Amino acid sequence: MSIELTRVDFRLIHGQVITRWLTQYQINEIVTIDTALSKDAFMQEVFKMAAPKGVKITIVNVEDAVKRQQEGAFDKNRVMVLFKGVAELNAAVQAGLKLEKVQIGGLGGGPGRKAVNNAITLDRADADTLLELEKMGIEIYFQTTPDYPSETLQKAVAKL
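Residues numbered from 1 in each chain as written. Predicted model: local features only at pLDDT ≥ 70, side-chain atom pairs only at ≥ 80, totals over all residues. Heavy atoms only, no water.

- The protein is annotated in an unreviewed UniProt entry as PTS EIIB type-4 domain-containing protein of [Clostridium] innocuum 2959.
- What UniProt states about the protein under its Subcellular location (unreviewed entry) heading is, verbatim, "Cytoplasm". (UniProt positions renumbered as here; feature names shortened; annotations may be inferred.)

Shown next as structure tokens:
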């Protein structure tokens, strides 16, 4: 067993979307890599309550995630790795986290951001970071839900 799905979604653990991905990949552990959240005990409890019964929730900072992966902790379950944003994803990869594929599922809105796939927005900074990660051999694709078609990073960036 291993990392079955790596997803970037600013909402992290939330309702129907996550439930559908958990079912699609038969996930039994969600590892959220978020340095700020790893220090916030109250919000950790909120996210743990949002998860379906029977799914283990682990919330760690970047350094602990890399260490856990190197120690084989992600090999014990069918794991979904979640990131809130592209910056934390990039920090984890730069620190040594090994990923093959990353699904971009939600990046939120804001100034300078443009919808590029369904409700997924992108700005130039995130696009450039994702393009650099792709050059490192990580497949990056955009997909909101299992029944919505996926789109390559190249096609999404071309819409900016």
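**Observations regarding the nonpolar core**
Item 1. Judged by nonpolar contacts, the single largest core of 34 residues is most densely connected at Ile33, Phe83, Leu89, Ile104, Leu130 and Phe142.
Item 2. With near-sequence residues (within four places) excluded, Ile104 lies in contact with Val8, Ile120, Leu130, Ile140, Tyr141, Phe142 and Gln143.
Item 3. In terms of nonpolar packing, the next biggest core, distinct from the first, is built from 18 residues, Val17, Phe47, Val55 and Tyr141 among them. (Core = buried A, V, L, I, M, F, W, Y, C linked by side-chain atoms within 4.5 Å. Buried < 20%, exposed > 50% of the residue type's maximum accessible area, 1.4 Å probe, protein only. Contact = heavy atoms within 4.5 Å.)

**Quick look at the pairing of strand 6 (residues 114-117)**
Item 1. Relative to strand 7 (residues 120-122), strand 6 is paired through three bridges, and the arrangement is antiparallel. Residue Ala115 lies in a different strand from strand 7, and its bridge partner there is Thr121. (Pairing = 2+ DSSP bridges. Helix = DSSP H or I, 4+ residues; strand = E, 2+ residues; numbered from the N terminus.)

**Considerations on unusual backbone geometry**
Item 1. In this model, Gln26 sits at a positive phi of 50 degrees, which is unusual for a non-glycine residue.
Item 2. Within the fold, Gln26 resides in the loop between helix 1 (15-25) and strand 2 (29-33).
Item 3. Overall, Gln26 belongs to the exposed group, its relative accessible area being 57%.
Item 4. If you check the backbone angles, Asn118 has positive phi at about 55 degrees while not being a glycine.
Item 5. Here Asn118 lies in the loop between strand 6 and strand 7.
Item 6. Judged by its relative accessible area of 44%, Asn118 falls in the partly exposed class.

**A short note on the packing of helix 5 (residues 86-94) against helix 6 (residues 124-135)**
Item 1. Running from N to C, helix 5 and helix 6 cross one another at 30 degrees; their axes reach a closest spacing of 10 Å. Considering their axes alone, helix 5 and helix 6 lie roughly parallel with respect to each other. Our pair here, helix 5 against helix 6, has a crossing hand that is left-handed. Note on element contacts: helix 6 touches helix 5 through Asp126, Thr129, Leu130 and Leu133, opposite Val86, Leu89, Asn90, Val93 and Gln94.
Item 2. Class assignment of the residues belonging to the contact of helix 5 with helix 6 gives a composition of five nonpolar, three polar and one charged. (Axes fitted to C-alpha atoms, helices over the stretch in contact; angles between N-to-C directions. Parallel < 35°, antiparallel > 145°, perpendicular 65-115°, else oblique. Left-handed = near helix turned anticlockwise from the far one by under 90°. Nonpolar A, V, L, I, M, F, W, Y, C, P; charged D, E, K, R; others polar.)

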